[in-house]
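Topology and contacts: notes
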Amino acid sequence: MTKILLVGDSHLGAVKRAHDANPERYPSFSFAYLGKGGLAKTRFFDVDEAKGSVRITSQGWRKLDFCRSDQDLPNLVVLSLPVNTSRILREMSWRTHVPWRLRQHDNELALSDGFVDRLIDTDSGYAIEYAAALTEIGLSIAALEAPRFFEDAPYLKRCRLDVIRYIDTLYRQRVVDRLSDLGIGVITQAPQTISEIGSTKMEFDNERPGDVHHANLNYGQIALQQIQDFASQHLGMRTSALK
């Protein structure tokens, strides 16, 4: 049977809960939750080129090893990790530092395009390298885009929406382009879940009070179907196992 392994950060939670609510519909799916996404901007893995192996080494994450010689490798690994803007939106001071083209006030420090690009590359670089390393040992990889910010994100109370939306859009496009250059497809956020202002619609906000970061089960159901559709399109004759 076709095997699809979903690997990644806490944004897998909504997808996993949707799967658990109807597991018989997705018998090919399994999950490997690594841990909180903050470690994605650190060197969280090692590559052994001689053995053809890639393994998670971060002390804060689940240990997960892949090796070219393994007899039971998944047909597709869906990685929820590279296309995730939450860190850069939360941790940077977008109230006082803005892309130069969006500067409106004297107290705002203008950032060059090159500087913003480097911020994005620093935040996403290791996750992209991990995806590339998995392809090098023969795995089929797809990246699952994390949901966009929600309207109740705390940083929107102190930062301009146009700045947040600009960074969010630029980050996603830059990472998608880099993955595309590596031959890695991206399962993008479903259009029906995105609001007119570029956020994730509040109807898909997490069920837990106070969680302003993660999506809910309904969002996970949509993402599950997107993954299945992607696999059906890219696994050729093996798609019968997905039905």
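Data block above holds the structure.
Residues numbered from 1 in each chain as written. Predicted model: local features only at pLDDT ≥ 70, side-chain atom pairs only at ≥ 80, totals over all residues. Heavy atoms only, no water.

**Structural notes on helix H1 (residues 12-21)**
For the record, the criterion: Throughout, exposure labels follow a simple rule: accessible area from a 1.4 Å probe, protein chains only, divided by the maximum for the residue type, with under 20% read as buried, over 50% as exposed, and the rest as partly exposed. A run of DSSP states H or I qualifies as a helix once it reaches four residues; a run of E qualifies as a strand once it reaches two. Both are numbered from the N-terminal end. Note: the arc covers the axis-to-C-beta directions of the helix. Any two residues whose heavy atoms approach within 4.5 Å are treated as being in contact.
Looking only at H1, the buried set comprises Leu12, Ala14, Val15, Ala18 and His19. Angularly, the buried residues of H1 cover 160 degrees about the axis, an arc narrow enough to put them on a single face. Contacts from the buried residues of H1 go to strand S1 (4-8), strand S2 (29-33), strand S6 (76-80), strand S9 (141-144) and helix H5 (217-234).

**Notes on the sheet that holds strand S3 (residues 45-48)**
Here is the rule we go by: Should DSSP find at least two bridges between two strands, the strands are regarded as paired. Between the N-to-C directions of two axes lies an angle of 0 to 180 degrees, each axis being a line fitted to C-alpha atoms and, for a helix, fitted only over the stretch in contact.
Taken in spatial order, the three strands make up an open sheet running S3-S4-S5, and their pairing is antiparallel. In the strand order of this sheet, the two ends are held by S3 and strand S5 (65-67), each with one partner. Here the average twist between neighbouring strands, direction ignored, is 10 degrees. Looking at chain direction, strand S4 (residues 53-56) and S5 are connected through three bridges and run antiparallel. Along S5, the bridge assignment pairs serine 53 with cysteine 67. Contacts from helix H3 (residues 113-136) reach S3, S4 and S5 within the one sheet, and its direction differs from that of S3 by about 30 degrees.

**Here we look at the environment of proline 147**
Mapped onto the fold, proline 147 is located in the loop between S9 and helix H4 (161-181). You can call proline 147 buried: its relative accessible area is 9%. Setting aside residues up to four positions removed in sequence, proline 147 forms contacts with His11, Arg172, Gln189, Thr200, Ala215 and Tyr219.

**A word on the pairing of S6**
Successive side chains on a regular strand alternate, one facing one side of the sheet and the next facing the other. The buried fraction of S6 amounts to five of the five residues, a majority that puts the element mostly inside the structure. The alternating pattern of S6 places Leu76, Val78 and Ser80 on one face and Val77 and Leu79 on the opposite face, and all of these are buried. The pairing of S1 with S6 spans five bridges and is parallel. Looking across to S6, one finds that isoleucine 4 is bridged to leucine 76. The pairing of S6 with S9 spans three bridges and is parallel. Across the sheet, valine 77 pairs through a bridge with isoleucine 141, a residue of S9.

**Remarks on the packing of aromatic side chains**
Each aromatic ring pair is summarised here by two numbers: the centre-to-centre distance and the angle between the ring planes. Keep this limit in mind: Each Phe, Tyr or Trp ring (for Trp, its six-membered ring) is paired with any other whose centre lies within 6.5 Å, and the angle between the two planes then decides the class: stacked below 30 degrees, edge-to-face above 60, tilted in between. Two limits define a charge over a ring: the Lys NZ or Arg CZ must be within 6 Å of the ring centre, and within 35 degrees of the ring normal.
Under the definition given, this model contains six aromatic pairs. Geometrically, the ring pair formed by tyrosine 26 and phenylalanine 29 is edge-to-face, given 5.3 Å between the ring centres and 65 degrees between the ring planes. Connected via pairs of aromatic rings, a cluster forms that spans Phe44, Phe45, Trp61 and Tyr130. In this structure, lysine 16 packs its charged tip against the face of phenylalanine 31, placed 5.7 Å from the ring centre. Over the ring of phenylalanine 45 we find arginine 43, and its NZ or CZ is 4.2 Å from the ring centre.

**Some words on the sheet that holds S2**
Note on sheets: strands pair through backbone hydrogen bonds, and any given pair is parallel or antiparallel. Pairing is parallel in the open sheet, where five strands are placed in the order S2-S1-S6-S9-S10. The open sheet is flanked by S2 and strand S10 (185-187), the only strands paired with a single partner. Direction aside, neighbouring strands of the sheet carry axes that sit 25 degrees apart on average. Helix-sheet contacts for H1 involve S1, S2, S6 and S9, and the interaxial angle to S2 is about 145 degrees.

**Some thoughts on the nonpolar core**
Buried together is how nonpolar side chains tend to be arranged in soluble globular proteins. Heads up, the rule is: For our purposes a nonpolar core is just a set of buried Ala, Val, Leu, Ile, Met, Phe, Trp, Tyr and Cys residues, chained together by side-chain atoms within 4.5 Å.
Counting 48 residues, the largest nonpolar core has Val7, Phe66, Trp94, Tyr130 and Leu179 as its most contacted members. Elements with a contribution of two residues or more to this core: S1, S4, S6, helix H2 (86-91), H3, S9 and H4. Per-element tally for this core: the top contributor is H3, with nine residues. Excluding residues within four positions of it along the chain, valine 7 makes contact with Leu12, Ala32, Leu34, Leu64, Phe66, Val77, Val78, Leu79 and Ser80. If you look at the next biggest cluster of nonpolar residues, it comprises 19 residues, including Ile4, Leu6, Ala142 and Leu224.

**What about the side chain of asparagine 84?**
Put simply, the rule is: Polar contacts, as used here, are pairs of N or O atoms within 3.5 Å; protein pairs need one atom able to donate a hydrogen and one able to accept it. Residues neighboring in sequence count only if both atoms are side-chain atoms.
Relative to the elements of secondary structure, asparagine 84 occurs in the loop between S6 and H2. Only 3.1 Å separates the side chain of asparagine 84 from the side chain of aspartate 9, close enough to count as a polar contact. Apart from residues lying up to four places away in sequence, asparagine 84 is in contact with Asp9, His11, Asp123, Ala146 and Tyr171.

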